[in-house]
Every structure is written in structure tokens, then in C-alpha cells.
Amino acid sequence: MPESRAENAATPAQRGEREEGASTAAGLAAGTAGPTDAGSARPRRRQARGEARIAQLLDAAASVFSTSGYNGASTNAIAREAGVSPGTLYQFFPNKEAIAVELGDRLMHRWRETYGAAFVVSHLELPLDRLLDAVLDPLIAFNCENPAFAVLTHGSEIPGVISQEHDALHATMLSRIEQLLGTYLPDLPRDRVARVAGMSFVLFKAGLDLVMSHEGAERAAYIGELKAVIHRYLEPLACDTPGGVTGEAR
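Residues numbered from 1 in each chain as written. Predicted model: local features only at pLDDT ≥ 70, side-chain atom pairs only at ≥ 80, totals over all residues. Heavy atoms only, no water.

Once that is clear, we can look at the overall build of the protein. Each helix and strand counted, the protein has 11 helices and 0 strands in total. Along its sequence from the N terminus, the protein presents helices and strands in the succession α-α-α-α-α-α-α-α-α-α-α. When each of the 250 residues of the protein is scored for burial, the buried share is 37%. Sequence-distant contacts, at least 24 apart, represent 66% of the contacts inside the protein between residues at least 6 apart. Counting only carbon and sulfur atoms, one obtains 53% of the accessible surface of the protein, whose full area is about 13,700 Å². (Helix = DSSP H or I, 4+ residues; strand = E, 2+ residues; numbered from the N terminus. Buried < 20%, exposed > 50% of the residue type's maximum accessible area, 1.4 Å probe, protein only. Contact = heavy atoms within 4.5 Å. Areas by Shrake-Rupley, 256 points an atom, 1.4 Å probe, with all protein chains shown as cover.)

The structure is reproduced here in C-alpha cells:
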């Protein structure tokens with residue numbers, strides 16, 4: 001029983017490594033080709049097919065979570081969306097929670113890459129309106145393109161490991177915002193910078209909820225409103241600090 005629980009807790013990537021290792025060991029024991037021989041291509045092809053199947057199942061899970069929510073989703077629905085049998089799904093994931101954890105981990109990795117590219121020092125050379133475009137556009141685009149990300153980072157029913165990782169990600173992102181604003185408004189006291197960063201983050205999250213609940217032209221209009229709110233909040237601070245952005249630069 002402990003071994004069974006440990007196997008279920010392993011990620012698909014870890015299980016794939018174990019399977020590949022077992023195949024290699026079996027081949028060596030039988031005196032067949034080693035990793036550098038032509039015979040090793042078959043396990044590699046099997047592993048590649050397994051990775052492709054995992055990606056297919058995660059894409060299907062993202063669609064089901066987005067339309068049904070985490071509680072309303074089921075492994076049967078995910079298998080049906082992926083066009084495979086439930087038995088095929090269970091070859092890779094033991095339950096819905098394991099699927100959510102794997103998908104959440106991949107989405108959070110991509111989210112880190114997105115905001116890491118958005119919060120860069122070179123953007124501080126831009127006028128405030130273009131700075132907001134450079135920072136907010138990729139963040140908004142990521143959330144619009146990945147609605148499952150919001151589903152998997154909100155709600156008490158979400159697996160605890162996802163909530164913990166999201167909380168850590170939240171703290172890191174808030175720190176990056178504070179660093180960016182501290183450089184952009186160098187003469188603002190540090191405690192004020194921290195409050196402005198927190199307020200700006202809350203404004204963004206609240207506005208993002210409205211953006212996500214609309215589509216097409218209406219979504220674009222709400223994106224414009226969100227940027228206008230944050231711009232009007234930050235503009236007086238830039239004007240009031242000697243080292244901030246001047247009217248001419250804007």
C-alpha cells in the first residue's frame with residue numbers, strides 16, 4: 001500500500017522516467033541493445049508518444065476546467081474532451097487532482113515566464129502609458145488565453161499544493177511590482193511604494209475579472225478602462241516626485 005500511494009503521487013514525468021529506466025534495465029538484462037544502439041529508439045518513441053498523450057490530456061483538462069470549473073469537472077469529461085477512453089487517461093493520471101496539479105504546475109511556470117518578461121528595467125524608459133501597455137498587455141493576454149489558470153488558482157476546493165504555489169507566486173509578483181515602482185518613483189518613500197504596489201496589484205486583479213468576463217470589442221473596452229484607472233492613479237505620483245516621469249516625457 002505505501003508503494004501504491006507513492007506511485008500515485010508521482011508526476012507523469014517521474015513515472016515516465018521510471019518506465020524508461022525499467023525498459024533500459026530489462027534490455028540490459030536480456031543482453032539487448034544499449035542506449036546508444038538502434039534498439040533504444042523504440043523506448044524513446046514510446047516516451048515521446050507518452051509526452052504527446054499527456055499534453056493532449058492536459059489541453060482537454062484545461063478546456064473542461066474552464067467551462068465546468070474544478071468541482072464540475074470529471075475524469076470522464078476530460079477523457080471525452082481528449083477523444084480517448086477513461087482507461088487511457090488512467091494510464092497517465094490516477095485522478096482529477098493529479099491532472100489539476102500537473103496542469104497548474106505547467107501554467108504557473110508559463111505565468112512566471114510571462115511576468116518575468118513584463119517586469120524588466122528597459123520598460124522604465126517608456127512614458128507611463130506605453131509602460132502600462134508593455135507590462136499589462138502580456139499579463140492580460142496570458143489570462144485571456146489560459147482561462148483555466150484562474151480556475152485553478154481560486155477556490156477552496158483546489159488542491160492544496162496549487163494554492164501554496166500560487167500564494168508564493170503572488171508574493172513574488174507583488175515584490176516585482178514594488179521593485180519596478182521603486183525604480184520608477186525613486187523619491188517616493190519605501191513604505192509608500194509598498195502601499196502603491198499593493199493597491200496597483202489589487203486594481204489590476206479586480207479589473208482583470210471584468211476583462212475575463214467579456215469578449216470581443218467589450219473586452220478590449222474594459223482593457224482600456226483598466227489601463228486608464230491605473231494610469232490616473234500613478235500619474236500624479238510620477239508628477240509629484242522629482243525623479244519621476246515628467247510631463248514632457250509622457
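Scanning the entire structure with this criterion turns up 1 cavity of 30 Å³ or more. Space inside the largest cavity adds up to approximately 240 Å³. Lining the largest cavity are 17 residues, and of these Phe119, Leu132, Val135, Leu136 and Ile177 lie nearest its centre. Elements with a minimum of two residues in the lining of the largest cavity: helix H7 (128–145), helix H9 (160–184), helix H10 (190–212) and helix H11 (216–240). For the lining of the largest cavity, the class distribution of residues is 16 nonpolar, 1 polar and no charged. (1 Å grid on protein atoms, 1.4 Å probe; cavity = no way out; pocket = protein on both sides within 12 Å on 5 of 7 lines; lining within 4 Å. Points joined across faces, edges and corners; volume = space filled by probe spheres on them. Nonpolar A, V, L, I, M, F, W, Y, C, P; charged D, E, K, R; others polar.)

So, on to the pattern of salt bridges. Applying the stated criterion across every chain yields a total of 5 salt bridges. Here Arg106 and Glu102 are joined by a salt bridge, their closest N and O atoms 3.2 Å apart. Taken together, the positions of Arg106 and Glu102, both in helix H6 (residues 96–118) and 4 residues apart, correspond to about one turn of that helix. Overall, the relative accessible area of 32% leaves Arg106 in the partly exposed class. Assessed through its relative accessible area of 10%, Glu102 is described here as buried. A salt bridge links Lys227 to Asp133; the nearest nitrogen and oxygen atoms lie 2.8 Å apart. Taken together, the positions of Lys227 in helix H11 and Asp133 in helix H7 put the pair 94 residues apart, joining distant regions of the chain. When salt bridges that share partners are traced, they join Asp133, Asp137 and Lys227 into one network. (Salt bridge = Lys/Arg side-chain N within 4 Å of Asp/Glu carboxyl O.)

Read these as spatial facts, not as claims about activity.
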